[in-house]
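# Remarks on the overall topology
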Amino acid sequence: MINSQWVDREQIRLQLGDLLDLEEVRRFRASLNGWGDPPASIQLDLSRVRSADGAAILLLEADLSRLEQAGSRVSLQRLPRRLQVQLYLHPILRFASDADELFTDPDLDWPGFRHSER
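Residues numbered from 1 in each chain as written. Predicted model: local features only at pLDDT ≥ 70, side-chain atom pairs only at ≥ 80, totals over all residues. Heavy atoms only, no water.

### Some remarks on the overall build of the chain
- From N to C terminus, the chain includes 3 helices and 6 strands.
- For the chain, the sequential pattern of α-helices and β-strands runs β-β-β-α-β-β-α-β-α.
- By the burial criterion, 38% of the 118 residues in the chain qualify as buried.
- Put simply, 65% of the contacts in the chain that link residues at least 6 apart link residues at least 24 apart. (Helix = DSSP H or I, 4+ residues; strand = E, 2+ residues; numbered from the N terminus. Buried < 20%, exposed > 50% of the residue type's maximum accessible area, 1.4 Å probe, protein only. Contact = heavy atoms within 4.5 Å.)

### Quick word on the environment of Glu-23
- Among the secondary structure elements, Glu-23 is positioned in helix 1 (residues 22-35).
- On the accessibility criterion, Glu-23 (37% relative accessible area) is partly exposed.
- Separated by 33 residues in sequence, Glu-23 and Ala-56 place their C-alpha atoms 8.3 Å apart.

### Quick look at the pairing of strand 4 (residues 41-45)
- Here strand 4 lies mainly inside the structure; 5 of its 5 residues are buried.
- Burial along strand 4 is two-sided: Ser-41, Gln-43 and Asp-45 facing one way and Ile-42 and Leu-44 facing the other are all buried.
- As paired elements, strand 2 (residues 11-15) and strand 4 share 5 bridges and run parallel to each other. Paired with Leu-14 across the strands is Leu-44, a residue of strand 4.
- Across 5 bridges, strand 4 lies against strand 6 (residues 73-77) in parallel orientation. Considered in strand 6, the bridge of Asp-45 is made with Gln-77. (Pairing = 2+ DSSP bridges.)

### Some details on the environment of Gly-17
- Tracing the sequence through the fold places Gly-17 in the loop between strand 2 and strand 3 (19-20).
- Counting along the chain gives 29 residues from Gly-17 to Leu-46, while the straight-line C-alpha distance between them is 7.7 Å.

### Things to note about helix 2 (residues 54-69)
- Its 16 residues give helix 2 an end-to-end C-alpha distance of 23 Å, which sits within 8% of 22 Å, the value for a rise of 1.5 Å per residue.
- If you check which residues of helix 2 are buried, you get Ala-56, Ile-57, Leu-60, Glu-61, Asp-63, Leu-64, Ser-65 and Leu-67.
- Backbone geometry just downstream of helix 2 places Gly-71 in the positive-phi region, at approximately 105°. (Expected span 1.5 Å × (residues − 1).)

### Focus on the pattern of salt bridges
- Tallying each qualifying case throughout the model produces 8 salt bridges.
- Note that Arg-78 is salt-bridged to Asp-45, the shortest N-O span being 3.1 Å. With Arg-78 in the loop between strand 6 and helix 3 (81-86) and Asp-45 in strand 4, this residue pair connects regions lying 33 residues apart in the sequence.
- The buried category is assigned to Asp-45, whose relative accessible area is 14%.
- Within this structure, Arg-29, Asp-63 and Arg-66 form a network of salt bridges that share partners. (Salt bridge = Lys/Arg side-chain N within 4 Å of Asp/Glu carboxyl O.)

In C-alpha cells:
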C-alpha cells in the first residue's frame, strides 16, 4: 500500500509497500492521475520493499521517465541493498541517489592497488 506525504504542492513523497508488484504500480499511476500537473519533485521511499516483480519495475521505470521528461525531479530513496543487487544495471537505478556506492570497488582506495593484468 502506498503511503503518501505532501510536503507542499510542488514536492511529493511516497512510500511503497512490502511487495512492488503490478497492483502497487497501478496504485502509483492512480495517484499520479489525481495530482493534475506533475509536481516539481517526487521522492519514492523504497525502504519497505522486500520483493519486486520484474514487470512492475519496468512499468515503474517508464512512469518515472515520463515524469522526468515532464520536468519533475524524480528520486528513489532508501533502496534496500538486496533490491539494488537484484536491479544491477537496470535503468531504474539512475533515479536512486545511493545505488552507486554498492558497486564501487573498495580496494581502489588502498595504496599500491593495481588492476589485474589478466
